[in-house]
Amino acid sequence: MCCLTGVALSLTSCAVIDDDLDDCEVDFQASYRLHLVSNEQHELNRVLGDSLSGIANDLREHLKDVFSDYGRDFGLTGFYAMPDYAFTLPGQSPLPTEMNAVERSFEISMPVHDYMHLATVNLRGNGPVALAQEQSYRDCSLTLSSAATAAAPDTVSSQKTGLFSGRLQLTGVKYGPMNYHMDLYMVNSAAALVLDPRTAKYTSVSVFTKGFADSYTVSDSTYHFDHPTVTRAERVSLNNTNWLAFCGVSMPSPESDATRLMTLADAPFFTYEDCGKDLWQYESFVTMQDGKVTHTILTVRHPLRAGQLKIIKGFIDDQGVVRVYDANVGTTVDLDWKPGTTFEPEL
């Protein structure tokens, strides 16, 4: 009888002895879902429409791993025990690293504490973005990796995946099972330039997008612009046309006081109104047959937010200048650009 009583007490000690709570575990029944809020289809229809539906399909295919609510991997599942926000690992089984779904549930056993919880999805295969300072709740961020800027310090490659992040406060944690659900929202954005070359006699065209955030703090969804990035836009493979299309995937642009959203939007929201401030740019370099390089800067005065796509349509004139149909986009041209203080095109 004494032996049986001792076994029973040992099995229930986590629930009845306060001093032993730190040695016990909560079994989180965790559910994660990617919540894609995007204007992608609206923008494709608005700018390209039926007349350029083939280009729209090719651009959609190019961005299929960006504007997608399919999660492949957990780049981070961080638990930070309150009140000190100490990075905490599970007591037994490791944290999950694979999602492979739009929504996925896991059982995660953690020491009994109240937590702040962070999660990110689709870091693997993104390219330039990496997780930094994972063990600090306040400093944990998605940022450009050192490898991304080593080869060309002034530019970074276009991102390959749509990144998602979420945060959640878990309080009242007790020994035993506990359910929670986390929605994860998109972190990055995309900008495309679609051009009719007409009769321009060029040998190459390079496009960059400029002025976007270089890091993102996961705990408060804040973007930072300490070193605004210049992204090398990728040439989009187009079928059955001589048109050109370039697309750069990066973090969002700055906001202005007139356009700033105070809360997270749950529906596609894109403002095309002039906010009174230059926020970001496309830069094109067209090398002509005579060897001269025409540099065109297209300046956009409305924000590009997370989950959003911006497309500008235009043409290349006979001098190599990129002309666009959007009257709200400012244009600056250098007809004989020379390498200097700015970055060089890929010729």
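Remember, it's a predicted structure, so these values are computed and weren't measured experimentally.

Asker: Could you clarify how one ought to interpret the nonpolar core in this entry?
Answerer: Of all hydrophobic cores here, the largest spans 47 residues; its most connected members are Phe28, Tyr32, Leu48, Leu63, Phe79, Ile108 and Ile311. For Leu48, the contacting residues outside a window of four places in its chain are Glu43, Ile55, Ala56, Val194, Ile311 and Lys313. Among the nonpolar cores identified, the runner-up in size contains 24 residues, and Ala191, Phe212, Tyr282 and Val324 belong to it.

Asker: I tried to follow the sheet that holds strand β8 (residues 141-144) on my own but got confused; where do I start?
Answerer: Neighbouring strands of a sheet are bound in pairs by backbone hydrogen bonds; such pairs are parallel or else antiparallel. Read across the sheet, four strands follow the order β7-β8-β14-β15 without closing on themselves; strand pairing throughout is antiparallel. The two strands at the open ends of the sheet, each matched to only one other strand, are β7 (129-132) and β15 (222-224). Between one strand and the next, the sheet's axes are offset by a mean angle of 25 degrees, whatever the strand orientation. One ladder, built from three bridges, connects strand β14 (residues 215-217) with β15; its direction is antiparallel. Bridge pairing links Ser215 to His224 in β15.

Asker: Sorry if this is basic, but what is going on with the side chain of His117 here?
Answerer: Considering the arrangement of structural elements, one finds His117 in strand β6 (residues 115-121). Side-chain polar atoms of His117 contact the side chain of Tyr180, separated by 3.5 Å. In this view, His117 contacts Tyr32, Thr77, Gly78, Phe79, Gly166, Arg167, Leu168, Leu170, Tyr180 and Met182; residues no more than four positions away in its chain are not counted.

Asker: How do you make sense of the packing of helix α2 (residues 40-47) against helix α3 (residues 53-62) when you look at a structure like this?
Answerer: Helix-helix packing: each pair is described by the crossing angle between the helix axes and the interaxial distance. Direction vectors running N to C along α2 and α3 enclose 155 degrees, while the axes themselves pass 10 Å from each other. When the axis of α2 is compared with that of α3, the two are roughly antiparallel. In this structure, the crossing between α2 and α3 has a hand that is right-handed. Residues Glu40, Gln41 and Leu44 of α2 touch α3, and the partners they reach there are Ala56, Leu59 and Arg60. Here the residues of the contact of α2 with α3 are counted per class, giving three nonpolar, one polar and two charged.

Asker: I'm lost on the environment of Thr171 in this one. Help?
Answerer: Relative to the helices and strands, Thr171 resides in the loop between β10 (164-170) and β11 (176-186). A relative accessible area of 42% means that Thr171 is categorised as partly exposed. Distance from Thr171 to Tyr115, taken between C-alpha atoms, is 6.5 Å for residues 56 residues apart in sequence. Apart from residues lying up to four places away in sequence, Thr171 is in contact with Met82, Asp114 and Met178.

Asker: Help me understand the sheet that holds strand β17 (residues 234-235), please; the structure alone is not making it clear to me.
Answerer: Reading across the sheet, the five strands line up as β17-β18-β12-β21-β22 and stay open at both edges, with mixed pairing between neighbours. Strands at the two margins of the open sheet, each flanked by one partner only, are β17 and β22 (322-324). Here three bridges tie strand β21 (residues 309-316) to β22, and the two strands are oriented antiparallel to one another. Bridging from a neighbouring strand, Phe315 pairs with Arg323 of β22.

Asker: Just checking my understanding: could you explain α2 for this structure?
Answerer: Given 3.6 residues per helical turn, the α-helix brings residues three or four places apart onto the same face. Of the positions making up α2, those classed as buried are Glu40, Glu43, Leu44 and Val47. Looking straight down α2, one finds that the buried residues subtend no more than 100 degrees of arc, so they occupy a single side. Lining the buried residues of α2 we find α3 and β21.

Calculation notes
- Residues numbered from 1 in each chain as written.
- Predicted model: local features only at pLDDT ≥ 70, side-chain atom pairs only at ≥ 80, totals over all residues.
- Heavy atoms only, no water.
- Core = buried A, V, L, I, M, F, W, Y, C linked by side-chain atoms within 4.5 Å.
- Buried < 20%, exposed > 50% of the residue type's maximum accessible area, 1.4 Å probe, protein only.
- Contact = heavy atoms within 4.5 Å.
- Pairing = 2+ DSSP bridges.
- Helix = DSSP H or I, 4+ residues; strand = E, 2+ residues; numbered from the N terminus.
- Axes fitted to C-alpha atoms, helices over the stretch in contact; angles between N-to-C directions.
- Polar contact = N/O pair within 3.5 Å; in protein donor to acceptor, adjacent residues only side chain to side chain.
- Parallel < 35°, antiparallel > 145°, perpendicular 65-115°, else oblique.
- Left-handed = near helix turned anticlockwise from the far one by under 90°.
- Nonpolar A, V, L, I, M, F, W, Y, C, P; charged D, E, K, R; others polar.
- Arc of directions from axis to C-beta.

Note that every value here comes from positions in space, so none of it alone points to a role or purpose.
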